[in-house]
Amino acid sequence: MELVFATNNKHKLEELQAILGDRFKLLSLKDIGCDEEIPEEQPTLEGNARQKAMYVFEKYGYSCFADDTGLEIEALGGEPGVYSARYAGEDKNANANMDKVLDKMTKIKRRNARFRTVISLITEGEEKQFEGVVEGTILTKKRGDSGFGYDPIFQPDGYKRTFAEMKLEDKNKISHRGRAVEKLVNYLQSQ
């Protein structure tokens, strides 16, 4: 089955194709000739995922799924949340985002956080949503150099390594995105 994944993020695309394996042919926005920036104007992860998937479905006619992911830190009232990618500014600089989190948490002892991914799947104009969550801790400094986003400062519960210190296949087994994609794949296979 061909599915469009509404992203220009090659890291996300590689991560998801690794999870999906050869069961589905994943098309990127580039593959369907979509060069424009897809709007993300909603105040929630659910809203942004829906908006992106509907945009591709309505404009290009492909079955599509889109995700939105946020790092939600309890001591910061759920920040950065829906603003995770642009927490430190519109240029979406991962290091600046991590530095802002680490700076805000300098004197905070309670460091529990969670990554949450919401996937919106649009097929034949109908929407289904899938959520994946992984609980963890925000470290006091960056560790590891694989992954992307906040991976170097997030250590999932029950592990001694950050997401950035894990192999991609190990991260995918426990990650928020992996959990949401697993629900998506189970749904698709049941259809």
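Please refer to the structure higher up on the page.
Note that this is a predicted model, so its numbers are computed, not measured. (Residues numbered from 1 in each chain as written. Predicted model: local features only at pLDDT ≥ 70, side-chain atom pairs only at ≥ 80, totals over all residues. Heavy atoms only, no water.)

A. Region of interest: the layout of surface pockets. Approximately 770 Å³ is the volume found for the largest pocket. Only helix H1 (10-20), strand S3 (64-73), helix H3 (94-104) and helix H5 (176-190) provide two or more residues apiece to the lining of the largest pocket. Ranked by residue count, the leading element in the lining of the largest pocket is S3, at five residues. Here the residues of the lining of the largest pocket sort into ten nonpolar, eleven polar and eleven charged. (1 Å grid on protein atoms, 1.4 Å probe; cavity = no way out; pocket = protein on both sides within 12 Å on 5 of 7 lines; lining within 4 Å. Points joined across faces, edges and corners; volume = space filled by probe spheres on them. Helix = DSSP H or I, 4+ residues; strand = E, 2+ residues; numbered from the N terminus. Nonpolar A, V, L, I, M, F, W, Y, C, P; charged D, E, K, R; others polar.)

B. Highlighting the environment of arginine 179. Relative to the helices and strands, arginine 179 is located in helix H5. Put simply, arginine 179 and leucine 26 are 153 residues apart on the chain and 18 Å apart in space, counted from C-alpha to C-alpha. With residues up to four places along the chain from it excluded, the contact list for arginine 179 reads Gly132, Val133, Val134 and Ile174. (Contact = heavy atoms within 4.5 Å.)

C. Structural detail: the nonpolar core. Counting residues in each nonpolar core, the largest one holds 18 residues, and the members touching the most others are Leu71, Ile73, Val101, Ile138, Tyr150 and Phe154. Sorting the residues of this core by element identifies S3, H3, strand S4 (112-123) and strand S5 (126-138) as the ones contributing at least two each. Considering each element in turn, this core owes the most residues, three residues, to H3. The contact partners of isoleucine 138, leaving out residues within four places of it in the chain, are Leu71, Ile73, Val101, Leu102, Met105, Arg111, Ala113, Ile153 and Phe154. In this structure, Leu3, Leu20, Phe65 and Val185 belong to the second largest nonpolar core, which totals 17 residues. (Core = buried A, V, L, I, M, F, W, Y, C linked by side-chain atoms within 4.5 Å. Buried < 20%, exposed > 50% of the residue type's maximum accessible area, 1.4 Å probe, protein only.)

D. Structural view of the side chain of serine 84. With respect to the secondary-structure elements, serine 84 resides in the loop between S3 and H3. Only 2.6 Å separates the side chain of serine 84 from the backbone oxygen of glycine 81, close enough to count as a polar contact. (Polar contact = N/O pair within 3.5 Å; in protein donor to acceptor, adjacent residues only side chain to side chain.)

E. Up close: H3. Those residues of H3 that sit buried are Asn97, Met98, Val101 and Leu102. Along H3, the residues classed as buried sweep out an arc of 130° about the axis, all on the same side. Elements in contact with the buried residues of H3: S3 and S5. Of the residues that open H3, the one with a side-chain oxygen 3.0 Å from the backbone nitrogen of asparagine 95 is asparagine 93. (Arc of directions from axis to C-beta.)

F. Representation of unusual backbone geometry in the model. Cis peptide bonds are those with omega within 30 degrees of zero, and the linkage from glutamate 79 to proline 80 qualifies with -5°. With respect to the element layout, proline 80 can be found in the loop between S3 and H3. For glutamate 124, which is not a glycine, the phi torsion comes out positive at approximately 50°. Mapped onto the fold, glutamate 124 is located in the loop between S4 and S5.

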